[in-house]
Amino acid sequence: MSEPLIVKHYTRTCTACPSQWEGTLEDGRSFYARYRWSSFGFGVGATLDDAVAACVYVEGEEEGLNGFIKDSDMKEWMIKNGFDMSTAKLLSDPVEDIF
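Please read all numbers here as calculations on a predicted model, not as lab measurements.

(A) Representation of the overall build of the protein within the structure. For the protein, the helix and strand inventory stands at 2 helices and 7 strands. Starting at the N terminus and walking to the C terminus, you meet the elements of the protein as β-β-β-β-α-β-α-β-β. A buried classification covers 37% of the 99 residues belonging to the protein. Looking at the protein alone, contacts between residues at least 24 apart form 46% of all its contacts between residues at least 6 apart. Accessible surface for the protein amounts to roughly 5,600 Å². Of this, 50% is attributable to carbon and sulfur atoms.

Here it is in structure tokens:
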């Protein structure tokens, strides 16, 4: 990804095992992000189904079977992988009510 993918808004759809999010980019495409087995994955596509099908994984920084990360950690992973989260609006995150 040469130019940053600007995230417009996103929602956390699963809290843990996996932690996952879905959302929309400024250009109208969908994205999917997932953290499971201590690995972070993301995909982009014309539809959410396309984004899920395009999901690729990058190695995590932890060993083991970790499947939970906070929203702030997800943002760091997204930024490291070419996404611009600076204006992204979080629509829903049930974890924020817990911590």
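Let's pick the thread back up.
(B) Summary view of the environment of Thr 87. For Thr 87, the location among the structural elements is in the loop between β6 (83–84) and β7 (89–92). For the pair Thr 87 and Ile 6, spaced 81 residues apart in sequence, the C-alpha to C-alpha distance is 7.9 Å. Ignoring anything within four residues of it in the chain, the contact list for Thr 87 reads Ile 6, Val 7, Lys 8 and Glu 26.

(C) Examining the side chain of Ser 30 more closely. By the element assignment, Ser 30 lies in strand β3 (residues 30–36). Taking the relative accessible area as the measure of exposure, Ser 30 reaches 13% and is therefore buried. One polar contact links the side chain of Ser 30 to the main-chain amide nitrogen of Leu 48, over a distance of 3.5 Å. Not counting residues within four places of it along the chain, the set of residues in contact with Ser 30 comprises Gly 23, Gly 43, Val 44, Gly 45, Ala 46, Thr 47, Leu 48 and Ala 51.

(D) Just the nonpolar core, in detail. Among the nonpolar cores identified, the biggest contains 17 residues, and Val 7, Tyr 10, Phe 31, Phe 40, Met 74, Met 78 and Phe 83 are the most heavily contacted of them. If you list the elements that add at least two residues to this core, you get β1 (5–14), β2 (19–25), β3, β4 (39–45) and α2 (71–80).

Procedures and definitions
- Residues numbered from 1 in each chain as written.
- Predicted model: local features only at pLDDT ≥ 70, side-chain atom pairs only at ≥ 80, totals over all residues.
- Heavy atoms only, no water.
- Helix = DSSP H or I, 4+ residues; strand = E, 2+ residues; numbered from the N terminus.
- Buried < 20%, exposed > 50% of the residue type's maximum accessible area, 1.4 Å probe, protein only.
- Contact = heavy atoms within 4.5 Å.
- Areas by Shrake-Rupley, 256 points an atom, 1.4 Å probe, with all protein chains shown as cover.
- Polar contact = N/O pair within 3.5 Å; in protein donor to acceptor, adjacent residues only side chain to side chain.
- Core = buried A, V, L, I, M, F, W, Y, C linked by side-chain atoms within 4.5 Å.

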